[in-house]
Amino acid sequence: MLFERSVAGVFCSTVEGKFLDCNDAYAHILGCSCRSEVIGASVKDFFQDPGDREVFIKRLEEQGSLTEYEFHLRRRDGTSVWILENASLVSNDNDKPRTIQGTVIDITEHKIEQAREKELQLELMQQSKLASIGLLAAGIAHNVNVPLQGIITHIELLKLTHSDLPYMDDMLEQALRISAIVNNMLFKSRQEQSQDEQEIDLNKLLTEELEFLNADLAFKHEINKSYNFDPDLPTIRGVYSDFSQAFLNIVRNSIDAMHASDKKWLSVRTSSLKSSMMIEVTDTGCGINPEIRDRIFDPFFTTKPLAGQQRSDEPVGTGLGLSSAHQLMRKYRARFEVQSETEKGTTFRIYLPCYSAETDSAIETEASEWDAELEVPA
Ligand SMILES: Nc1ncnc2c1ncn2[C@@H]1O[C@H](COP(=O)(O)OP(=O)(O)O)[C@@H](O)[C@H]1O
Ligand SMILES: [Mg+2]
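Treat the numbers as computed from the prediction; the structure is a model and nothing was measured.

A. Structural view of the overall build of the chain. Per the secondary structure count, the chain includes 10 helices and 13 strands. Expressed as a percentage of the 378 residues in the chain, the buried residues total 20%. Restricting the contact set of the chain to residue pairs at least 6 apart, pairs at least 24 apart contribute 62%.

Structure, rendered in structure tokens:
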């Protein structure tokens with residue numbers, strides 16, 4: 001009775017990995033509707049990495065019992081669950097095989113919270129780093145801009161006084177390019193540090209972000225790009241870094257997906273619809289296997305090796321890119337749409353509802369009641 005009513009999951013299994021008994025709470029943690037779905041099933045079916053159970057058994061054999069042991073399991077529907085387990089190895093008498101008895105609690109929420117906290121910490125570190133880079137950039141920009149303006153003025157003067165001199169227009173064009181790069185650098189570092197809401201021109205934001213990705217030479221030279229921004233796209237009120245981060249997470253996935261592709265095309269498009277606007281990112285990467293398509297927004301879900309475990313220049317993952325993008329876009333009531341074909345490529349679309357100036361406040365108040373919608377067509 002105690003066993004059945006317990007809010008903690010309680011189970012008993014063989015050492016080899018077959019469930020002998022459990023309560024309903026345990027079955028629910030594993031995403032099953034009742035205990036009969038678990039009893040008789042193989043324990044290994046619920047492991048993300050079957051190697052984890054081998055390590056666990058080894059330690060259990062050594063110590064007889066384990067407390068507060070953390071596992072990353074896979075629910076029946078494929079989603080992730082983190083559990084905290086206390087387990088003991090029980091041998092009743094010599095004739096009967098030994099069993100493992102344990103209690104578990106679901107700590108998934110806590111794990112997500114922990115990961116977000118870590119991410120936030122990293123973000124803060126990144127921001128303070130950016131702040132100092134920003135200051136440095138301001139200094140450099142000033143020091144570069146003053147002589148640059150001198151050069152520009154002199155080229156213009158030469159053009160007036162010696163109109164027959166060759167290369168003047170080219171020189172002026174290059175000097176103006178340097179000036180634009182320096183100003184962009186200043187603009188971006190100022191924007192990334194601000195958490196204030198502002199009217200954002202998404203076309204401009206995407207252009208800036210894509211321009212900055214060019215610092216990655218593989219991105220600059222190996223990937224063909226086509227950008228198509230709708231000039232009638234309305235502005236959106238929000239925090240600059242919410243959009244830049246969400247967008248970058250999606251584009252980085254596209255870059256990763258094309259890592260081993262022969263054909264590397266990235267297309268970014270915006271479009272103004274009747275009452276919403278859309279950002280679309282298409283790649284010619286490996287595509288998303290239909291079997292995992294509805295899990296890609298789950299925190300920690302990744303098909304990439306973790307940093308340190310990759311082979312040569314293989315892209316690494318944390319499984320937090322899309323879940324963060326989803327989280328960041330929630331307050332703007334964004335809707336995500338994903339279309340993908342394996343070995344062909346993937347298209348991500350973010351739809352953002354438009355607001356008039358009078359109803360802007362609605363974003364704040366209603367956001368908590370709305371979840372960012374996900375649409376993952378088969
Ligand atoms: N454009 C894409 N093409 C192919 N797979 C993708 C794409 N975007 C996301 N995915 C899949 O979704 C998973 C989760 O993405 P994400 O949350 O950004 O985590 P990470 O990039 O760290 O793996 C990826 O590991 C990958 O399997
Ligand atoms: Mg990612």
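After that view of the structure, there is still more to cover.
B. Up close: unusual backbone geometry. One non-glycine residue, F300, lies in the positive phi region at around 75 degrees. Secondary-structure assignment places F300 in the loop between strand 10 (276-283) and helix 9 (321-330). By C-beta crowding, F300 is classed as partly exposed, having 18 other C-beta atoms within 10 Å. Residue E343 is not a glycine yet carries a positive backbone phi of 70 degrees. With respect to the helices and strands, the residue E343 is situated in the loop between strand 11 (335-341) and strand 12 (345-353).

C. The arrangement of the sheet that holds strand 1 (residues 9-14) in detail. Pairing within the open sheet is antiparallel, and its five strands lie in the order 2-1-5-4-3. Strand pairing shows two members of the sheet lacking a second neighbour, strand 2 (19-22) and strand 3 (65-74), which therefore form its edges. On average, adjacent strands in this sheet sit at an angle of 30 degrees to one another, irrespective of strand direction. Pairing geometry for strand 1 and strand 5 (residues 99-106), over six bridges, is antiparallel. Each residue of the ladder has a partner; that of T14, found in strand 5, is T99.

D. Region of interest: the environment of P305. Position of P305 among the secondary structure elements: in the loop between strand 10 and helix 9. Not counting chain neighbours up to four residues away, the residues in contact with P305 comprise Q310, E314 and V316.

E. Spatial organisation of the site of ligand 1. In the vicinity of ligand 1 there are 22 residues, among which N253, A257, T302, G317 and G321 approach most closely. Here the element with the most residues in the shell around ligand 1 is helix 8 (residues 240-257); it accounts for four residues. Its residues assigned to classes, the shell around ligand 1 comprises seven nonpolar, 13 polar and two charged.

F. Structural detail: the packing of helix 8 against helix 9. Axis separation between helix 8 and helix 9 bottoms out at 9 Å; the angle between their running directions is 150 degrees. One way to sum up the angle between helix 8 and helix 9 is to call them roughly antiparallel. Considering how the two elements wind past one another, helix 8 and helix 9 form a crossing that is left-handed. Residues D242, Q245, A246, N249, I250, R252 and N253 of helix 8 form the contact with helix 9, whose own contacting residues are G321, L322, S324, A325, L328 and M329. Of the residues belonging to the contact of helix 8 with helix 9, the class tally is six nonpolar, five polar and two charged.

The rules behind these values
- Residues numbered from 1 in each chain as written.
- Chains lettered and ligands numbered in written order.
- Predicted model: local features only at pLDDT ≥ 70, side-chain atom pairs only at ≥ 80, totals over all residues.
- Helix = DSSP H or I, 4+ residues; strand = E, 2+ residues; numbered from the N terminus.
- Buried ≥ 20, exposed ≤ 12 C-beta atoms within 10 Å, placed from the backbone.
- Contact = placed C-beta atoms within 7 Å.
- Pairing = 2+ DSSP bridges.
- Axes fitted to C-alpha atoms, helices over the stretch in contact; angles between N-to-C directions.
- Near = placed C-beta within 6 Å.
- Nonpolar A, V, L, I, M, F, W, Y, C, P; charged D, E, K, R; others polar.
- Parallel < 35°, antiparallel > 145°, perpendicular 65-115°, else oblique.
- Left-handed = near helix turned anticlockwise from the far one by under 90°.

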